[in-house]
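Okay, here's what each chain looks like letter by letter:
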Amino acid sequence: MAILSNVSFSCSNISLKPSLPNSSSRPHCLLRCSQQEGKEVGSPLVWSLGEEVSKRSLLALVSASLFFVDPALAFKGGGPYGQGVTRGQDLSGKDFSGQTLIRQDFKTSILRQANFKGAKLLGASFFDADLTGADLSETDLRGADFSLANVTKVNLTNANLEGATATGNTSFKGSNITGADFTDVPLRDDQREYLCRIADGVNATTGNATRDTLLCN
């Protein structure tokens, strides 16, 4: 499509007439065009197409943004600001007992001696967090992420960790796991061996013996 600057043509009084008996069999158009200098007349069709393309581009951009959401927003408390932020914080000794903290984000937080007794922590993330000495007894930790976390000297009595993640150098050394349910928790061989040496009790909620959930010999 060519664009003429300073010179454009506008057509008016367009009439479509059928062929006369003695003329060609094809219909023809009679156009009366007036040349205008010094003016630039934009074609309504071009403008219409331009607007449509702009609308479609904007729609595509908005739609695409829905698929690239900050992963932190998938968890509660993962934003950088606000009173409810629990990610990357020093929460040592804080009392979370009995609270509903489903999919709460505690990534990289310091949670030494924090009290989570009886809390609902389904899908919560403790990735690379320091939980030394924390109380996680009677908690619902199904699907929680303990990857790279320090879980030493933690009270896990009657905790339900079914389907939780504990990859990397996660350590449960010195923790109380009486009655804890480790069903489908992937553990390093050395950690499984260590936990099997101290495993005891039956989970009060699931009725599963701790040793059985750890697949101890």
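Only a predicted model underlies this, so the values are computations on that prediction, with no experimental measurement involved. Every chain is numbered on its own, with residues counted from 1 as its sequence reads. Whole-chain, interface and lining totals are the exception, using all residues; otherwise, since this is a predicted model, local features are given only for residues with pLDDT of at least 70 and side-chain atom pairs are given and counted only at 80 or more. Working from all heavy atoms in the structure, the side-chain values ignore hydrogens and water.

### Describing the overall build of the chain
No. 1: Secondary structure summary: the chain contains three helices and two strands in total.
No. 2: Strands here mean DSSP runs of E at least two residues long; helices mean DSSP runs of H or I at least four residues long; both are numbered from the N terminus. Going from N to C terminus, the chain has its helices and strands arranged as β-β-α-α-α.
No. 3: For the chain, long-range pairs separated by at least 24 residues make up 16% of all intrachain contacts whose partners lie at least 6 apart in sequence.
No. 4: Calculation of accessible area relied on Shrake-Rupley with a 1.4 Å probe; when residues are assessed, cover is drawn exclusively from the protein chains displayed. As displayed, the chain has an accessible area near 13600 Å², and 55% of this comes from carbon and sulfur atoms. Any two residues whose heavy atoms approach within 4.5 Å are treated as being in contact.

### Details of the nonpolar core
No. 1: The definition of a nonpolar core used throughout is a set of buried Ala, Val, Leu, Ile, Met, Phe, Trp, Tyr and Cys residues joined through side-chain atoms within 4.5 Å. Partly exposed residues are those whose accessible area sits between 20% and 50% of the maximum for their type, while under 20% is buried and over 50% is exposed, using a 1.4 Å probe and protein chains only. In terms of nonpolar packing, the biggest core is built from 38 residues, with Phe 116, Phe 126, Phe 146, Leu 156 and Phe 182 touching the most fellow members.
No. 2: Excluding residues that lie within four positions of it along the chain, Phe 126 makes contacts with Phe 106, Leu 111, Phe 116, Leu 121, Leu 131, Leu 141, Asp 145, Phe 146, Ser 147 and Ala 149.

### Some words on helix α2 (residues 189-198)
No. 1: Every buried residue belonging to α2 is among Gln 191, Arg 192, Tyr 194, Leu 195 and Cys 196, and all of these are buried.
No. 2: Lining the buried residues of α2 we find α3 (210-213).

### Quick notes on the packing of aromatic side chains
No. 1: Note on aromatic pairs: the rings of Phe, Tyr and Trp (six-membered ring only in Trp) are paired at centre separations within 6.5 Å, and the planes decide the class, stacked below 30 degrees, edge-to-face beyond 60, tilted for the rest. Inspection of every chain in the model, using the stated rule, returns seven aromatic pairs.
No. 2: Seen from their ring centres, Phe 96 and Phe 106 are 5.5 Å apart, and the 80° between their planes marks the pair as edge-to-face. Separated by 10 residues along the polypeptide, Phe 96 in the loop between α1 (44-65) and α2 and Phe 106 in the loop between α1 and α2 bring together distant segments of the chain.
No. 3: With a centroid separation of 4.8 Å and an interplanar angle of 5°, the aromatic rings of Phe 96 and Phe 116 are classed as stacked.

### Examining the environment of Phe 116
No. 1: Along the chain, the position of Phe 116 falls in the loop between α1 and α2.
No. 2: A C-alpha to C-alpha distance of 4.3 Å links Phe 116 and Ser 97, two positions 19 residues apart in sequence.
No. 3: Excluding residues that lie within four positions of it along the chain, Phe 116 makes contacts with Phe 96, Ser 97, Leu 101, Phe 106, Leu 111, Leu 121, Phe 126, Leu 131, Asp 135, Leu 136, Ser 137 and Thr 139.

### What to know about the environment of Gly 123
No. 1: Among the structural elements, Gly 123 can be located in the loop between α1 and α2.
No. 2: In this structure Gly 123 comes out as buried when scored by relative accessible area, which is 15%.
No. 3: Separated by 22 residues in the primary sequence, Gly 123 and Asp 145 have C-alpha atoms spaced 7.0 Å apart.

### A closer look at the confidence of the model for the chain
Low pLDDT means the predicted atomic positions in that stretch should not be read closely.
No. 1: The pLDDT value tells you how sure the predictor is about a given residue, anywhere from 0 up to 100. Per-chain confidence: the chain averages 77 in pLDDT, with 62% of residues scoring 70 or above.
No. 2: The weakest mean pLDDT in the chain belongs to strand β1 (residues 7-17) at 41; the strongest belongs to α3 at 98.
No. 3: Across residues 1-42, where pLDDT falls below 50, the model places 42 contacts with residues more than four positions away in sequence or in other chains.
No. 4: Counted against residues more than four places away or in other chains, residues 61-73, with its pLDDT under 50, gives three contacts.

### Quick notes on the pattern of salt bridges
No. 1: Criterion for a salt bridge: a side-chain nitrogen of Lys or Arg within 4 Å of a carboxyl oxygen of Asp or Glu. Taken as a whole, this structure holds six salt bridges when the rule is applied.
No. 2: Two residues, Asp 130 and Arg 112, come together in a salt bridge whose shortest N-O distance is 2.8 Å. Remark: Arg 112 occurs in the loop between α1 and α2 and Asp 130 occurs in the loop between α1 and α2; sequence separation between them is 18 residues.
No. 3: Looking at Asp 130, the relative accessible area reads 16%, which means it is buried.

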